[in-house]
Amino acid sequence: MFSRKQKHILLKFFSLFSIVRGYNILVIVIAQYLTSIYILAPELPISEVVFDPNLLCLVLASAAAIAGGYIINNFYDSEKDIINRPNKTMLDKIVSQQTKLSSYFVLNLISVFFASYVSFKAVAFFSVYIFMIWFYSHKLKKYPFVGNLVAAILAVIPFFAVFIYYGNFNHVIFVHATFLFLLIAMRELTKDLENIKGDLTQNYRTIPVVYGAKMSKQMLSILSLLTLIPIILLLTRYEIGYMYIFFIGSVLALLLFNFILWKSSKKLHYIILHTILKLIIVVGVFSIVLLNVNLVLSRLL
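For clarity, every value in this text was computed on a predicted model and none was experimentally measured. (Residues numbered from 1 in each chain as written. Predicted model: local features only at pLDDT ≥ 70, side-chain atom pairs only at ≥ 80, totals over all residues. Heavy atoms only, no water.)

S.K.: Mind showing me how you'd approach the nonpolar core here?
M.R.: Most often, soluble globular proteins keep nonpolar side chains buried together rather than apart. In terms of nonpolar packing, the biggest core is built from 52 residues, with F247 and F257 touching the most fellow members. For this core, the element with the highest residue contribution is helix α10 (residues 171-194), accounting for 11 residues. Excluding its chain neighbours within four sequence positions, the residues that come into contact with F257 are M186, T190, L220, L273, I276 and L277. With 30 residues, the next largest nonpolar core counts I19, A63, Y70 and I71 among its residues. (Core = buried A, V, L, I, M, F, W, Y, C linked by side-chain atoms within 4.5 Å. Buried < 20%, exposed > 50% of the residue type's maximum accessible area, 1.4 Å probe, protein only. Helix = DSSP H or I, 4+ residues; strand = E, 2+ residues; numbered from the N terminus. Contact = heavy atoms within 4.5 Å.)

Structure follows, in structure tokens:
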């Protein structure tokens, strides 16, 4: 059995894991590697990509910066999260605000350290990224439109670090990135609807608070329609292998999303909508292997 001290340390670990959303970071790490293998450098052997120390450092720099971002975001949102996520907040409060700040600075230093292994440009890239995350958490997220736009951009930026490293700027990459950007923008707006009570109490001027739920729903429907543009382009103009299955499934999932959206009035409904979008994003990450099934089979056989 664990001693009281060991239990306390274990609880702190789970609390910190909850704050940095370790599961999200793991998905991002997997996405960066799969993107590198199947989209950015498909001509290279898988082992050469996986064991590339520069790519590893870029992925670790991204993971550390994102983890730090979640911590500083949690630090600034602690008051409204008591209202919006009382159960999660109880777990998060096991870690003190001082510990959160210390962890934030350590993670940022780790991010810059790993970036320095690659190049000075990588250090500059992640330094700007870290600053933008702080500025978003401290100021921008409280404003409608700007906060949502910046949040979506910040979520996509780690992938551009890998794009720049490989120097691959094929059009298809930007079409994929546009689809991801639109989904993340939808997720951010859905989160605003989900958290409207706490945002209103803490004077966060989000789109639902300023313009109301109806306009927010209209914007979500428009964004879901816009996702059809990259989907149609990918299905008709580019070779995407069996990944067409994912995009057809995404269209069906977004139809379900809109059906539930216009019947939603409670927080539970918005949590379901948020979950649908997260599932599309996560399934999309693992569907990257469908771009080249033969490559997978050749490595397994």
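Once you've had a look at it, read on.
S.K.: Where do I start with helix α9 (residues 146-166) in this structure?
M.R.: Working note: α-helix, 3.6 residues per turn, so residues spaced by three or four point in the same direction. In a regular helix each residue adds 1.5 Å, so 21 residues correspond to 30 Å; α9 covers 30 Å between its end C-alpha atoms and thus fits that length. If you look at α9, its biggest bend is around 35°, right at I157, and the proline P158 turns up within four residues after that. Phi turns positive one or two residues past the end of α9, at G167, with a value near 65°. (Expected span 1.5 Å × (residues − 1). Bend = angle between axes of the 7 residues up to and from the residue.)

S.K.: Looking at this model, I keep getting lost on unusual backbone geometry. Mind explaining?
M.R.: With glycine set apart, most residues show a phi of negative sign, and most peptide bonds adopt trans. The phi dihedral of F145 is positive, around 65°, even though this residue is not glycine. Mapped onto the elements of the fold, F145 is located in the loop between α8 (120-138) and α9.

S.K.: Honestly, the packing of aromatic side chains in this entry has me stumped. Any pointers?
M.R.: Two aromatic rings, taken as a pair, are described by how far apart their centres are and by the angle between their planes. In the structure shown here, the tally under the stated rule is 15 aromatic pairs. Summarising the aromatic geometry, the rings of F160 and F174 are spaced 6.2 Å apart at their centres and angled 45° between planes, so their arrangement reads as tilted. Of this pair, F160 sits in helix α9 while F174 sits in helix α10; the two residues are 14 residues apart in sequence, bridging distant segments of the chain. Residue classification places F160 among the partly exposed residues on the basis of a relative accessible area of 25%. The class of F174 is partly exposed, set by a relative accessible area of 33%. A centroid spacing of 5.3 Å and a plane angle of 70° characterise the contact between F179 and F247, whose relative ring orientation is edge-to-face. With a gap of 68 residues between them, F179 in helix α10 and F247 in helix α15 (residues 244-261) connect regions that are remote in the sequence. Each of the two residues, F179 as well as F247, counts as buried. Grouping aromatic residues by their ring pairs yields a cluster made of F131, W134 and F135. Just above the ring of Y204 sits the side chain of K142; from NZ or CZ to the centre is 5.3 Å. (Phe/Tyr/Trp six-rings, centres within 6.5 Å; stacked < 30°, edge-to-face > 60°. Lys NZ or Arg CZ within 6 Å of the ring centre and 35° of its normal.)

S.K.: Can you walk me through α15 in this structure?
M.R.: Its 18 residues give α15 an end-to-end C-alpha distance of 25 Å, which sits within 8% of 26 Å, the value for a rise of 1.5 Å per residue. Restricting attention to buried positions, one finds in α15 the residues F246, F247, S250, L254, F257, N258 and L261. Buried residues of α15 fall within an arc of 115° about the axis and therefore sit on the same side. Turned more than 90 degrees from where α15 packs its buried face, L252, L255 and F259 sit exposed. Structurally, α15 contributes buried residues whose contacts are with α10, α13 (213-226), α14 (228-237) and α16 (267-287). (Arc of directions from axis to C-beta.)

S.K.: Could you clarify how one ought to interpret the packing of α8 against α9 in this entry?
M.R.: For any two helices packed against each other, the geometry is given by the interaxial angle and the distance between the axes. At a closest axis distance of 11 Å, the pairing of α8 and α9 adopts a crossing angle of 165°. As the angle between them shows, α8 and α9 are arranged roughly antiparallel. Relative to α9, α8 is oriented so that their crossing is left-handed. Residues F125, F126, Y129, M132, I133 and Y136 of α8 form the contact with α9, whose own contacting residues are G147, V150, A151, L154, I157, P158, F160, A161 and I164. For the contact of α8 with α9, the per-class residue count stands at 14 nonpolar, one polar and no charged. (Axes fitted to C-alpha atoms, helices over the stretch in contact; angles between N-to-C directions. Parallel < 35°, antiparallel > 145°, perpendicular 65-115°, else oblique. Left-handed = near helix turned anticlockwise from the far one by under 90°. Nonpolar A, V, L, I, M, F, W, Y, C, P; charged D, E, K, R; others polar.)

S.K.: Explanation requested: the environment of I30 in the structure shown.
M.R.: With respect to the element layout, I30 can be found in helix α2 (residues 22-40). It is 24 Å that separates the C-alpha atoms of I30 and L149, two residues lying 119 residues apart in sequence. Sequence-distant contacts of I30, that is, excluding residues within four places in its chain, are made with V285 and F286.

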